[in-house]
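One letter stands for each residue in the lines below.
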Amino acid sequence: MQATRSVATTPAVPADAITGLTARERVRAFDLARGLAIVFMIGVHVLWHWGAPDTWTSPVGQVISFLGGPTAAPVFMFLMGASLAFSSRSSFGSLAVRGLWLVWLGYLLNMLRGVIPAYLGLSTGVVTAEQIAPFTLPWLLTTIDVHHMAGLSLIAIAALRVLARPGWIWLVIAAVVVLTGPFVRGLEFCTPLLDGPLTPVLGGAPNVYYAVVPWIAFPLTGAVYGALMARASGEGGRIRVFRWGALLGLGLCAAGVALFAISPPTFDVGTYWRMPPAFFIGITGIVLVWLAACDLLVRHVRANRLFTFLYGWSASVIAIYFTHWLVVGWGVGIFGFRSQPLPGALFGIVVAIAATALLSRFAKGLETPRWLERIARPTARPAPEPHRLPMGEA
């Protein structure tokens with residue numbers, strides 16, 4: 001079967017959906033992995049919100065939960081960092097403004113997917129407070145999820161880029177964040193002036209699912225991976241990066257398993273959200289292996305409609321992510337809250353994917369509004385060429 005190129009080299013490349021930066025080229029393995037990540041997110045969110053609790057522990061439910069774990073949000077964040085290396089123009093201002101926009105979208109999504117449908121459901125008797133516990137209207141409004149964490153992480157990375165290019169320094173910072181995460185996660189200073197703003201960073205509240213610490217470590221390591229990929233010579237060089245990354249990933253997976261054996265963790269979603277060091281090491285290994293597998297697919301499988309569909313979702317990942325949560329939140333009124341048996345939950349996943357694909361076209365304006373482009377553009381400056389990014393250079 002004839003191989004297809006994994007990297008598009010045409011000059012007309014759309015801006016990255018997360019960073020808002022225009023890329024010099026696209027790595028199709030990245031597009032495939034990110035497109036699949038959002039599909040997996042839809043699957044696990046539908047399962048947990050529409051499916052009955054016993055569906056979560058079924059064999060099929062466990063597969064869906066796994067796919068919605070290591071190969072979903074971690075891939076999403078890892079590739080957010082990797083995409084920075086392929087941007088033709090970037091600056092602190094452009095990235096910081098983009099980060100603030102993502103944080104705002106997170107709170108807007110809290111209202112649209114949670115507060116409004118919950119209020120209407122409670123008011124009309126469709127659901128009761130006991131049925132949706134521990135979710136309350138204040139809980140839903142102040143939830144910290146992927147949007148908030150990605151935006152705040154992008155702001156922090158923008159500041160770090162002013163001081164050091166992606167390299168060993170970034171990896172050291174990522175390691176420090178991961179190792180200190182269990183000690184600082186939930187740290188409180190007993191004053192609202194500090195605890196309030198730091199809640200999304202340190203995750204002190206129960207409705208903080210994805211806190212900056214330690215999840216920022218994924219884009220930090222991803223940025224180094226992206227820099228290596230951007231500096232690689234031709235397609236052959238990038239294939240070698242994927243392969244060496246996969247070998248490193250296998251080693252990290254083995255190290256993660258060893259750490260699990262030494263100090264067995266609890267394998268639940270709460271532990272996943274808090275990402276202890278053993279989880280981060282093992283999941284980073286899975287991400288590296290998964291990216292290499294995606295590269296094999298795009299190079300050895302002919303272009304097809306599924307790939308085109310997933311590439312399109314990768315290019316519009318913010319609109320897709322935003323829309324799918326609206327479908328899941330409002331879909332409770334049709335499918336019920338955690339009430340569907342496994343066949344109903346699986347059917348719901350298909351419905352949610354189709355509805356998201358149809359409705360997301362109306363949300364594409366949320367990705368990069370024109371006024372946001374005008375704010376960020378004056379501060380943009382040319383980024384260094386990839387081959388001038390030596391590892392660890394400050």
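These figures come from a predicted structure and were not determined experimentally. (Residues numbered from 1 in each chain as written. Predicted model: local features only at pLDDT ≥ 70, side-chain atom pairs only at ≥ 80, totals over all residues. Heavy atoms only, no water.)

*Asks:* I'd like to hear about the packing of aromatic side chains, residue by residue, with values.
*Replies:* The geometry of an aromatic ring pair comes down to the distance between the two centres and the angle between the two planes. A complete count under the given rule lists 21 aromatic pairs for this structure. With a centroid separation of 6.3 Å and an interplanar angle of 85 degrees, the aromatic rings of Phe135 and Phe337 are classed as edge-to-face. Taken together, the residues Phe135 in the loop between α6 (129–132) and α7 (137–141) and Phe337 in the loop between α17 (317–335) and α18 (342–359) connect sequence positions 202 residues apart. Note on Phe337: relative accessible area 16%, which makes it buried. Site record: aromatic cluster; members linked through ring pairs are Tyr210, Trp215, Phe218, Tyr272 and Phe280. When the ring centre of Tyr311 is taken as origin, the NZ or CZ atom of Arg28, which lies over that ring, is 4.4 Å away. If you follow Arg113 out to its NZ or CZ, it ends over the ring of Trp325, 4.3 Å from the centre. (Phe/Tyr/Trp six-rings, centres within 6.5 Å; stacked < 30°, edge-to-face > 60°. Helix = DSSP H or I, 4+ residues; strand = E, 2+ residues; numbered from the N terminus. Buried < 20%, exposed > 50% of the residue type's maximum accessible area, 1.4 Å probe, protein only. Lys NZ or Arg CZ within 6 Å of the ring centre and 35° of its normal.)

*Asks:* Outline α17, supporting the account with residue identities and numerical values.
*Replies:* The terminal C-alpha atoms of α17, which comprises 19 residues, lie 25 Å apart, in line with the 27 Å expected from a rise of 1.5 Å per residue. At Gly329, α17 shows its maximal bend, which comes to roughly 30 degrees. Across the 19 residues that make up α17, a large majority, 15, are buried. (Expected span 1.5 Å × (residues − 1). Bend = angle between axes of the 7 residues up to and from the residue.)

*Asks:* How would you sum up a nonpolar patch on the surface? Please name residues and give values.
*Replies:* A cluster of nonpolar side chains, namely Met111, Ile116, Tyr119, Leu120, Leu141 and Trp330, defines an oily patch on the protein surface of about 530 Å² accessible area. Take the nonpolar patch: its biggest share by element is 4 residues, from helix α5 (residues 92–124). With respect to the helices and strands, the residue Leu141 is situated in helix α7. Judged by relative accessible area, which is 35%, Leu141 ranks as partly exposed. (Patch = residues over 30% accessible without salt bridge, like charges linked within 9 Å, V, L, I, M, F, W, Y side chains within 5 Å. Areas by Shrake-Rupley, 256 points an atom, 1.4 Å probe, with all protein chains shown as cover. Salt bridge = Lys/Arg side-chain N within 4 Å of Asp/Glu carboxyl O.)

*Asks:* I'd like a rundown of unusual backbone geometry, residues and numbers included.
*Replies:* A cis geometry characterises the amide bond from Ala133 onward to Pro134, with omega recorded as 10 degrees. Tracing the backbone through its elements, the reader meets Pro134 in the loop between α6 and α7. Note the cis peptide between Val213 and Pro214, where omega equals 10 degrees. When you line up the elements, Pro214 lands in helix α11 (residues 212–215). For Cys190, which is not glycine, the phi dihedral falls at a positive 60 degrees. Relative to the elements of secondary structure, Cys190 occurs in the loop between α9 (168–184) and α10 (192–202).

*Asks:* I'd like a description of the environment of Gly203, backed by residues and values.
*Replies:* As for its position among the elements, Gly203 is in the loop between α10 and α11. With 18 residues separating them in the primary sequence, Gly203 and Arg185 have C-alpha atoms 5.8 Å apart. When near neighbours in sequence (up to four residues on either side) are disregarded, Gly203 contacts Arg185, Gly186, Leu198, Val208 and Ala211. (Contact = heavy atoms within 4.5 Å.)

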